[in-house]
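# Descriptive analysis of the structure
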Amino acid sequence: MRRAAAIAIGVLVIAGCSRAPSISDNGTTGSALEAAAQRTGLIVDPATIDPVGAWARATDRVCVVPAADGKYRVGALIDYGAGQNCAASGIAERRKDGLRIDFGACRIDARLSGDRLIFPATVDEACARYCRGRASFAALSVDHVSDARSEAVTLRAPDRTPLCPA
């Protein structure tokens, strides 16, 4: 008898764990929570982040400088050595949570999260033309290391051309 009761309780516990939580507020609770966290400064509202400056992590680099019409000049460099690199420059527009970067036909929607600029895990096939070897702009993640325009304009491609010309 005890064994049957234990099995019945076990089945009920497992069944209860397998149910998906119901969301009856259409996500408004999560949105309200995120808005409250932004108001208190717990998380930074991406719309308030100034992207101008130098961004880096290990051998990955990104530069962002102001351009005309509220846009930005942006350049990106990935250098893993021995023919494994990417280098491109272009224009970026501000989006609510990041930057829309256009390197010619290569378009990337990068996300700003605190002091980090994050490229998506997959990028346009057109982006491969800016890369050699197995390097890729996919999942590039860099930290904001300087907000100085003067530092950002020093970033150069492997052929020494400026990626964010002054």
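Residues numbered from 1 in each chain as written. Predicted model: local features only at pLDDT ≥ 70, side-chain atom pairs only at ≥ 80, totals over all residues. Heavy atoms only, no water.

A count of helical and extended segments in the chain gives 3 helices and 9 strands. Along the chain direction, N to C, the helices and strands of the chain fall in the order α-α-β-β-β-β-β-β-β-β-β-α. Buried residues in the chain amount to 31% of all 166 residues. Within the chain, counting contacts between residues at least 6 apart in sequence, those at least 24 apart form 47% of the total. As presented, the chain carries roughly 10300 Å² of accessible surface, and 54% of it is formed by carbon and sulfur atoms. (Helix = DSSP H or I, 4+ residues; strand = E, 2+ residues; numbered from the N terminus. Buried < 20%, exposed > 50% of the residue type's maximum accessible area, 1.4 Å probe, protein only. Contact = heavy atoms within 4.5 Å. Areas by Shrake-Rupley, 256 points an atom, 1.4 Å probe, with all protein chains shown as cover.)

All chains considered together, the criterion is met by 3 disulfides. Each disulfide pairs two cysteine sulfurs, and for Cys 63 the partner residue is Cys 164, the sulfurs being separated by 2.0 Å. Handedness here is read from the sign of the S-S torsion; for Cys 63 and Cys 164, about 95°, the answer is right-handed. Within this pair, whereas Cys 63 is found in strand β2 (residues 60–66), its partner Cys 164 is found in the segment after α3 (149–152), the two being separated by 101 residues in sequence. Linked covalently through their sulfurs, Cys 86 and Cys 131 form a disulfide whose S-S length is 2.0 Å. Disulfide Cys 86-Cys 131: torsion about the S-S bond near 110°, hence right-handed. One end of the pair, Cys 86, is in strand β4 (residues 85–95); the other, Cys 131, is in strand β8 (residues 131–132), with 45 residues separating them in the sequence. Each member of the pair, Cys 86 as well as Cys 131, is classed as buried. The connectivity of the disulfide bonds within the chain can be written as 1-6, 2-5, 3-4, using the sequence rank of each bonded cysteine. (Disulfide = S-S within 2.5 Å.)

Applying the stated criterion to the full structure yields 5 salt bridges. Among the salt bridges present, the one from Asp 102 reaches Arg 107, with a minimum N-O distance of 3.3 Å. Shared partners join several salt bridges into a network, and the residues in it are Arg 100, Asp 102, Arg 107 and Asp 109. (Salt bridge = Lys/Arg side-chain N within 4 Å of Asp/Glu carboxyl O.)

Scanning the entire structure with this criterion turns up 3 aromatic pairs. Residues Phe 119 and Phe 137 carry aromatic rings whose centres are separated by 6.3 Å and whose planes lie at 45° to one another, so their mutual orientation is tilted. Residue Phe 119 is found in the loop between β7 (116–118) and β8, and its partner Phe 137 is found in the loop between β8 and β9 (141–146); the two are separated by 18 residues along the sequence. Take Phe 119: its relative accessible area is 3%, and that puts it in the buried class. Accessibility expressed as a relative area gives 1% for Phe 137, which makes it buried. An aromatic cluster is defined as three or more aromatic residues linked by ring pairs; in this entry it consists of Phe 103, Phe 119, Tyr 130 and Phe 137. (Phe/Tyr/Trp six-rings, centres within 6.5 Å; stacked < 30°, edge-to-face > 60°.)

Along the chain, Ala 58 falls in the loop between β1 (53–57) and β2. Taking the C-alpha atoms as reference, Ala 58 lies 10.0 Å from Ser 141; in sequence the two are 83 residues apart.

What follows is about the nonpolar core. In this structure, Val 62, Ile 101, Phe 103, Ile 108, Leu 117, Phe 119 and Phe 137 are the most contacted members of the largest nonpolar core, which totals 28 residues. Those elements that place two or more of their residues in this core are β2, β3 (72–79), β4, β5 (98–103) and β6 (106–113). With 8 residues, the next largest nonpolar core counts Val 65, Ala 152, Leu 155 and Leu 163 among its residues. (Core = buried A, V, L, I, M, F, W, Y, C linked by side-chain atoms within 4.5 Å.)

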